[in-house]
Amino acid sequence: MGLLAGIGQRFLTFCDRFGGHFRQRTRTVETSVRHYVQGLLQAETKNMERIEEAIPEADHQALQHMLSESAWSERAVLDQVAQEANRRLGGHADSSLLIDESGCPKKGTQSVGVARQWCGQLGKVENCQVGVFAALSRGTEATLIDGRLFLPEVWTRDAARCQAAGIPQAQRGFQRKTDLALAMIVHARQQGIGFAWVGFDGFYGSDPAFLRALDAHGEIFVGDVHKDQRIYLEDPRPLVPAAQTAHGRPPTRLQAQTPAVRVDHWAQQQPATAWQAVTLRDGTKGPLRVEILHRRVWLWDGEEAQAQPWHLIVRREIDDPTEIKYSLSNAPADTPTPRLAFMQGQRYWIERALQQGKQDVGLGDYQVRGWRGWHHHITLVLMAMLFLLEERQLHQQTRPLLSGRDIRALLNHFLPRRDTTLEEVLRQMEVRHRKRQAAIDSAYRKQQLNE
């Protein structure tokens, strides 16, 4: 049993490491934080009433106050999460900072940031909240270290709505998702988080201003782009053409001297011999092998004095040649193709991190409407994810397949639970039934009043 038996004490020690951020408010807040994080790891359903049922001494009203009302600093806690994750994953040639977003479907109009917008979880435009997240990754491990709530313009144009949701004045200006992503990247670097490059999907890669901002900050990136991304195969050498006649205004706009092509059209024209087989990593079903096209290309936004010479990486799945990804990178010109292919493939791990956050610790499960509550919940979820990372790494040699589900099962065994006796289970069932009956009775009364 060895190390496994100590998981309960390690969890309590883990919470103590963060205790100073909450203790300065009150001991009750510190205790509620521990109960909440413990509930995220142990309760099957991650809402406050179910946490109260599972965790001894937890009180859903105290949990609600801690999330929505208490003024502890989520930024200070997130920064500690990032620093501790950095000690485990950062500072290596294969360490990366990955950017992605996650949507959470929501009904109504009161939850902060909710609007009809693209929801990746549902794969369509729907009423939801969207957060932009950053994950620190190394090899096959990744954990979320930062998150920012996206506020659509229908929110930032409505001062009264922002006020009601408790959005700080400084956060009420409209920021694009790429603005939030850049802010997290800059903040991580200012903290000293060690990552060799930044990775992101085609939504972020399709924003030329975002790519050029990263380049201006000295950040290496590998970002997916859409298949209609236009590139130059030769330096377009933009210049203002000479006037053709002596009459009228002389030309003032820069023009490219070579034609642009779409990345998918270029890839389709390449011979089979141009594709290079590359092994990205060992997977659960054997080595993950893909085929790669790689070429130096130029990007020009129509205004820059000089075009940007970057890498184009095209990835084709061997088992499904129709599955193709296109990426751009500003990595040094001599970066080998296998290295670029590896960097491109690492973006997968933030998708896994977001999935694990939702499945294991309730990333999308919260009962709060305001700005403070959303950020407090996300912060404590990232704390819980850090604990899962620490446990996986601790048992890496002896139990390499240890999952979040395994760790939660161990915590349920080694930490006390409230719902372990028949009497308690029946008591909780009765409480739930009374609440459900009260809701039914209320609905009938409202219907009768409207008749």
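Conventions we followed
Residues numbered from 1 in each chain as written. Predicted model: local features only at pLDDT ≥ 70, side-chain atom pairs only at ≥ 80, totals over all residues. Heavy atoms only, no water. Helix = DSSP H or I, 4+ residues; strand = E, 2+ residues; numbered from the N terminus. Contact = heavy atoms within 4.5 Å. Areas by Shrake-Rupley, 256 points an atom, 1.4 Å probe, with all protein chains shown as cover. Lys, Arg positive; Asp, Glu negative; His and termini not counted. Charge placed at Lys NZ, Arg CZ, Asp CG, Glu CD. Core = buried A, V, L, I, M, F, W, Y, C linked by side-chain atoms within 4.5 Å. Buried < 20%, exposed > 50% of the residue type's maximum accessible area, 1.4 Å probe, protein only. Salt bridge = Lys/Arg side-chain N within 4 Å of Asp/Glu carboxyl O. Pairing = 2+ DSSP bridges. Phe/Tyr/Trp six-rings, centres within 6.5 Å; stacked < 30°, edge-to-face > 60°. Expected span 1.5 Å × (residues − 1). Axes fitted to C-alpha atoms, helices over the stretch in contact; angles between N-to-C directions. Parallel < 35°, antiparallel > 145°, perpendicular 65-115°, else oblique. Nonpolar A, V, L, I, M, F, W, Y, C, P; charged D, E, K, R; others polar. Left-handed = near helix turned anticlockwise from the far one by under 90°.

Engineer: Tell me what's going on with the overall build of the protein, and back it up with residues and numbers.
Structural biologist: Looking only at helices and strands, one finds 17 helices and 12 strands in the protein. The C-alpha extent of the protein, read off along each of the three principal axes, is 90 × 60 × 45 Å. Partitioning the contacts of the protein with sequence separation of at least 6, the portion at a separation of at least 24 is 66%. Here the protein has roughly 22400 Å² of accessible surface; of this, 50% comes from carbon and sulfur atoms. Here the protein holds 57 positive side-chain charges and 52 negative ones, and the gap between their average locations is 2 Å.

Engineer: Go over the nonpolar core with me, naming the residues and quoting the values.
Structural biologist: Within soluble globular proteins, side chains that are nonpolar tend to cluster in buried spots. Grouped together as the largest cluster of nonpolar side chains are 109 residues, with contacts concentrated most on Ile99, Leu144 and Leu380. For Leu144, the residues in contact, after removing those within four places along its chain, are Val81, Phe133, Ala134, Ala135, Ile350, Ala353, Leu354, Leu363, Leu382 and Met385. Judged by nonpolar contacts, the second largest core, of 12 residues, contains Val222, Leu280, Val290 and Ile292.

Engineer: Any details on the pattern of salt bridges? Residues and values, ideally.
Structural biologist: Applying the stated criterion across every chain yields a total of 28 salt bridges. In this structure, Asp94 engages Arg138 in a salt bridge whose closest nitrogen and oxygen atoms are separated by 3.0 Å. Here the residue Asp94 occupies a position in the loop between α6 (74–89) and β1 (95–105), and Arg138 occupies one in strand β3 (residues 124–138), the gap between them amounting to 44 residues. Among the residues examined, Arg138 registers a relative accessible area of 32% and is labelled partly exposed.

Engineer: Lay out the pairing of strand β4 (residues 141–149) with the relevant residues and their values.
Structural biologist: Every regular strand shows the same layout, with side chains that alternate between the two sheet faces. Burial of β4 is extensive: nine of the nine residues sit out of reach of the surface. Bridge count between β3 and β4: eight bridges; the pairing is antiparallel. What sits directly across from Arg138, in β4, is Glu141. What sits between the antiparallel neighbours β3 and β4 is a turn of two residues, in which Gly139 has the positive phi angle 60°.

Engineer: Tell me about the pairing of strand β5 (residues 197–200), residues and numbers included.
Structural biologist: The two faces of β5 match: Trp197 and Gly199 on one face and Val198 and Phe200 on the other face are all buried. With three bridges joining them, β5 and strand β6 (residues 221–225) adopt parallel strand pairing. When the bridges of β6 are listed, Val198 appears paired with Phe221.

Engineer: So what about the packing of aromatic side chains? Which residues, and what values?
Structural biologist: A complete count under the given rule lists 12 aromatic pairs for this structure. Seen in terms of ring centroids, Phe11 and Phe387 are 5.5 Å apart; in terms of plane orientation they differ by 85°. Their pairing is edge-to-face. Of this pair, Phe11 sits in helix α1 (residues 7–18) while Phe387 sits in helix α15 (residues 371–394); the two residues are 376 residues apart in sequence, bridging distant segments of the chain. Just as Phe11 is buried, Phe387 falls in that class too.

Engineer: Before we move on, can you summarise helix α9 (residues 177–191) with the specific residues and values?
Structural biologist: The end-to-end C-alpha distance of α9, which contains 15 residues, comes to 21 Å, matching closely the 21 Å that a straight helix rising 1.5 Å per residue would cover. Residues Lys177, Thr178, Leu180, Ala181, Leu182, Met184, Ile185, His187, Ala188 and Gln191 constitute the buried set of α9.

Engineer: Any details on the packing of helix α5 (residues 60–68) against α15? Residues and values, ideally.
Structural biologist: Relative to each other, α5 and α15 sit at 105°, their axes nearing to 7 Å. With respect to each other, α5 and α15 are oriented roughly perpendicular. Contact with α5, carried on its side by Met66, Leu67 and Ser68, involves Arg372, Gly373, His376, His377 and Leu380 of α15 and no other residues of that element. Considered class by class, the residues forming the contact of α5 with α15 number three nonpolar, four polar and one charged.

Engineer: Tell me about the environment of Ala183, and name the residues and values.
Structural biologist: Checked against the element boundaries, Ala183 lands in helix α9. Remark: the alpha-carbon pair of Ala183 and Gly205, spanning 22 residues in sequence, is separated by 16 Å.

Engineer: Residue-level account of the side chain of His395, with values.
Structural biologist: Of note, His395 is situated in the loop between α15 and α16 (404–414). Judged by its relative accessible area of 2%, His395 falls in the buried class. Setting aside residues no more than four positions away along its own chain, His395 makes contact with Leu3, Leu4, Arg10, Pro400 and Leu402.

Engineer: I'd like a rundown of the packing of α1 against helix α3 (residues 27–42), residues and numbers included.
Structural biologist: Two quantities define a packed helix pair, namely the angle between the axes and the distance from one axis to the other. Where α1 contacts α3, the axes come no closer than 11 Å and their chain directions differ by 135°. Compared by their axis directions, α1 and α3 come out oblique. When the axes of α1 and α3 are compared, the crossing they make is right-handed. Contact residues: Phe11, Leu12 and Cys15 in α1; Arg34, Val37, Gln38 and Leu41 in α3.

No statement about biological role is implied by the geometric values presented.
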